[in-house]
Amino acid sequence: MSQPPIILGIDPGTLITGFGIIRVHPQTPQVLDYGCIRPPSKLTCYERYLIIFNSIEALIEKHHPDVLAIESQFVYRNPQTAMKLGIARGMALLAAARKQIPIFEYAPKKAKLAVVGTGTASKEQVQRMIQLLLHLPHPPTPEDAADALAIALCHAHTIGVKNRLAVR
């Protein structure tokens, strides 16, 4: 019997990139790791991108995820901010692509809907539901780590639904 899949969830950002890694067991997902990548703000944006890339590559080497689930970019009012976020996302996509890891993208509202039941949930609601769903002793902090776990759980839910439909 093959091992249950491991999902690496990423909430990209230039100052804080959240990550959450879960193993999908039939009864309940198991948290393997979560946290944030925080490149020092005094570094140039290029140096921060390199830290994000190297850190995600190290997570991939350590946990050997089967898939990467990442928050899709939404439109910002400030094009400069959107571009910087897009590059941070690109670092995660590149790290996964280098290891030939399949990539799945989810809108923030879809991830919130999957874990809380509404796409307009607050950050605190997401943190609390992640705590309950993953049987954690306390809500995951910071918010970026909780968001990354929500993205991973959203993918787990999506593949679970697809698998159940395929059986019919």
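Residues numbered from 1 in each chain as written. Predicted model: local features only at pLDDT ≥ 70, side-chain atom pairs only at ≥ 80, totals over all residues. Heavy atoms only, no water.

Engineer: In this structure, what is going on with the overall build of the protein? I would like to understand it.
Structural biologist: Broken down by element type, the protein carries five helices and five strands. In terms of overall dimensions, the protein is globule-like: its C-alpha atoms have a radius of gyration of 15 Å, near the 15 Å expected for 168 residues. Taken along the three principal axes of its C-alpha coordinates, the protein extends 50 × 35 × 30 Å. When the 168 residues of the protein are sorted by exposure, 45% land in the buried category. A separation of at least 24 residues holds for 58% of the contacts in the protein among residues at least 6 apart in sequence. (Helix = DSSP H or I, 4+ residues; strand = E, 2+ residues; numbered from the N terminus. Rg over C-alpha atoms; globule rule 2.2 N^0.38 Å. Buried < 20%, exposed > 50% of the residue type's maximum accessible area, 1.4 Å probe, protein only. Contact = heavy atoms within 4.5 Å.)

Engineer: Which parts of the structure should I look at to understand the sheet that holds strand β1 (residues 6-11)?
Structural biologist: Sheets are built from strands that pair by backbone hydrogen bonding, the pairs being arranged parallel or antiparallel. Taken together, five strands build an open sheet; the order of strands is β3-β2-β1-β4-β5 and the sheet is mixed. What marks the edges here is a single partner per strand, and that holds for β3 (30-37) and β5 (103-106). Along the sheet, successive strands turn relative to each other by an average axial angle of 20°, direction set aside. Here β1 pairs with strand β2 (residues 17-23) via six bridges, running antiparallel. (Pairing = 2+ DSSP bridges. Axes fitted to C-alpha atoms, helices over the stretch in contact; angles between N-to-C directions.)

Engineer: How should the confidence of the model for the protein be read in this particular structure?
Structural biologist: Interpreting fine coordinate detail is not advised for predicted regions of low pLDDT. Averaged over all residues, the pLDDT of the protein equals 91, while 92% of them reach at least 70. Within the protein, β1 carries the highest mean pLDDT (98), whereas helix α5 (residues 143-167) carries the lowest (81). Note that residues 164-168 has pLDDT below 50 and, in this model, zero contacts with residues that lie over four places away or in other chains. (pLDDT = per-residue confidence, 0-100.)

Engineer: Hey, could you run me through the pattern of salt bridges in this one?
Structural biologist: Two side chains of opposite charge can pair, provided their charged atoms sit close to one another. On inspection of all chains with the given rule, the structure shows four salt bridges. Ionic pairing is found between Arg98 and Glu57, a salt bridge with its closest N-O pair at 3.0 Å. Taken together, the residues span a long stretch of sequence, with Arg98 in helix α2 (residues 79-98) and Glu57 in helix α1 (residues 45-63) at a distance of 41 residues. Residue Lys99 is joined to Glu61 by a salt bridge in which the shortest nitrogen-to-oxygen separation is 2.6 Å. (Salt bridge = Lys/Arg side-chain N within 4 Å of Asp/Glu carboxyl O.)

Engineer: How should I be thinking about the environment of Gly20 in this particular structure?
Structural biologist: Residue position: Gly20 is located in strand β2. Taking the C-alpha atoms as reference, Gly20 lies 12 Å from Glu71; in sequence the two are 51 residues apart. What Gly20 contacts, discounting residues up to four positions off in sequence, is Ile7, Leu8, Gly9, Asp33, Tyr34, Ala148, Leu149 and Ala152.

Engineer: Explain the pairing of β2 to me, please; I cannot follow it from the model alone.
Structural biologist: It is a general feature of regular strands that their side chains alternate between the two faces of the sheet. Along β2, seven of the seven residues are buried, which leaves the element largely enclosed by surrounding structure. Judged by which residues are buried, β2 turns out to be covered on both faces: Thr17, Phe19, Ile21 and Arg23 on one side and Gly18, Gly20 and Ile22 on the other are all buried. Counted along the chain from β1 to the antiparallel partner β2, the turn is five residues long. Bridge count for β2 against β3 is seven bridges, and the pairing is antiparallel. When the bridges of β3 are listed, Phe19 appears paired with Gly35. Hairpin geometry of β2 and β3 is characterised by an intervening segment of six residues between the two adjacent antiparallel strands.

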